[in-house]
Amino acid sequence: MVILGIETSCDETAVAIIAVSGIGAKPRVSVLSNVVSSQVKLHAKFGGVVPHLAKREHQRNLVPVLLTALKEAGLRNPKSEALSSKQIQNAKLKILSSILAREQDLFARMVPEVLPRPAPKIDAIAVTVGPGLAPALWVGVNFARALAFLWKKPLIPINHLEGHIYTNVLPHIRVNSKFQIPPKESLRDPTGRANSKTLPIPYSPFPIKFPALCLIVSGGHTELVLMRRYGDYRVIGETRDDAAGEAFDKVAKMMHLGFPGGPVISKLAESGNVKAFSFPRPMINSKDFHFSFSGLKTAVLYTLRGLKRVDAKTKQNIAASFERAVVDVLVSKTIRAARHYKVKTVMIGGGVAANMRLRSQLAKALRGLSPVPHTLFPAISLTGDNALMIALAGYFNRNKKSAWKNLQADANLRLDRIRGR
Ligand code: KG4
Ligand code: ZN
């Protein structure tokens, strides 16, 4: 089964293709391509993601990203003059233009590049339908609908957060208990063994032992998700205000460190003193599994206001103390939930899952549980938004297909209420 994944929920335009063999008995996944075009530099000028600019960029980038992904996978067909009669072409054009009525720029790019190519040998198209920024999501959804119509392929609607969860089942290299960032070319092969010139190595997804818990931490979400089996999600805790990644981004903004804030704060934190400032750990002792980060962010703001001078060392110390406060809360709540639900697997996902302090502290705390749950962490290269995770989620949802006419984006889609299922 060959699945093409599409992701446009925020500021990455991504297309990936996987091939899965041995479905049922022992599935083997080959990553044929995994292309991500990031808009981060554009949005950095505005200090955050600007939805209408994201929509514009997705429209510009989707066709070239798709063609690159198809080419890398060896599935890009050359343009063919004699595809169908003029009459059929005109009828197709009419439907295509109605599907892409709100994405005229994308339509204009599809006509010369996609329409004249025969359908590639794929079996389904998995696409992120939510949650995310509505204008960004709709471009990807309508693009997927247009491809499904042109190529006569089924669509699989995917929750973006479900994608983040499935990044945990991909094997990757682990060196000295630290999670090595795999070399760039290994994006084609998460084991890190192949380079871009060799064929992708098929691998078996790690099995998730249930009940399983996943901490999803990104720029828009902070959720603890309990899974009783594949496809069964219960959100047992979530943030009351800011998401963890958002807190990193806002604190970075206060210190004029640019966007996104997570990577720069965690880099600075490496040279800072985690005890230099004592920041609050909101809701750390509450008996539930919810989070809150806005009080912590405000505490950093007041601390900065109270300082006469914020030199490089102070920034490092603030970064380290702030990061420690966030990680303490995330780890404490995850451990509480792991104990309470006696989970057998613990996973993490989303942009903040790249944070080394979170990884090491959580792994350490989990080793203190008895029995120690099976711990799966994703490759760093897959923590940010990508379409490989969407294609993989498509595999796990391969029986939940949708026709192109019925598919809709839902900016507020929840993991425990997946549309159309
Ligand atoms: O999952 P993601 O790529 O996009 C969303 O769906 O939101 O997550 C992006 C978020 C940003 O807030 C970014 O600052 C944060 O992940 N992030 C980090 C790190 N790398 C990215 N936060 C903490 N530490 C990091 N190393
Ligand atoms: Zn994400």
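Thresholds, definitions, all that
- Residues numbered from 1 in each chain as written.
- Chains lettered and ligands numbered in written order.
- Predicted model: local features only at pLDDT ≥ 70, side-chain atom pairs only at ≥ 80, totals over all residues.
- Heavy atoms only, no water.
- Donors = N, O, S within 2.8 Å, 3.2 Å for Na, K, Ca; no water.
- Helix = DSSP H or I, 4+ residues; strand = E, 2+ residues; numbered from the N terminus.
- Buried < 20%, exposed > 50% of the residue type's maximum accessible area, 1.4 Å probe, protein only.
- Salt bridge = Lys/Arg side-chain N within 4 Å of Asp/Glu carboxyl O.
- Near = heavy atom within 4 Å.
- Polar contact = N/O pair within 3.5 Å; in protein donor to acceptor, adjacent residues only side chain to side chain.
- Nonpolar A, V, L, I, M, F, W, Y, C, P; charged D, E, K, R; others polar.

(A) Seen up close, the coordination of the zinc ion (ligand 2). His-160 (NE2), His-164 (NE2) and Asp-385 (OD) make up the full set of protein donors to the zinc ion (ligand 2), lying at 2.1 to 2.2 Å. Counting along the primary sequence, the residues that act as donors to the zinc ion (ligand 2) give the motif H-x3-H-x220-D. With a gap of 221 residues between them, His-164 in helix α6 (residues 160-166) and Asp-385 in the loop between β10 (374-376) and α12 (388-396) connect regions that are remote in the sequence. The two residues His-164 and Asp-385 agree in class, both being buried.

(B) How the structure looks around the pattern of salt bridges. Going through the model one piece at a time under the given rule, you end up with 16 salt bridges. For the salt bridge of Glu-270 with Lys-267, the shortest nitrogen-to-oxygen distance reads 3.2 Å. Classification of Glu-270 as exposed rests on a relative accessible area of 60%. Owing to a relative accessible area of 53%, Lys-267 belongs among the exposed residues under this scheme. Of the charged contacts in the structure, one is a salt bridge between Arg-309 and Asp-311, with a shortest N-O distance of 3.9 Å. Of the residues examined, Asp-311 reaches a relative accessible area of 26% and is grouped as partly exposed.

(C) A look at unusual backbone geometry. Cis geometry is adopted by the peptide bond preceding Pro-131, which originates at Gly-130 and carries an omega value of -10 degrees. Following the sequence through the fold, Pro-131 ends up in the loop between β4 (124-130) and α5 (134-151). A positive phi angle is found at Met-283, which is not glycine, with a value near 60 degrees. In this fold, Met-283 is placed in the loop between α8 (261-269) and α9 (294-306). According to the relative accessible area criterion, Met-283 is partly exposed, its value standing at 25%.

(D) Spatial organisation of the site of ligand 1. If you check the shell around ligand 1, you find 20 residues, and the closest are Gly-219, Asp-249, Gly-262, Gly-351 and Asn-355. At 3.3 Å from an oxygen atom of ligand 1 is found a side-chain nitrogen or oxygen belonging to His-164. Backbone polar atom of Gly-351 to an oxygen atom of ligand 1: 3.0 Å apart, as the coordinates give it. Elements supplying a minimum of two residues to the shell around ligand 1: α6, α7 (244-254) and α8. Here the shell around ligand 1 takes four residues from α8, the largest share from any one element. For the shell around ligand 1, the per-class residue count stands at five nonpolar, 13 polar and two charged.

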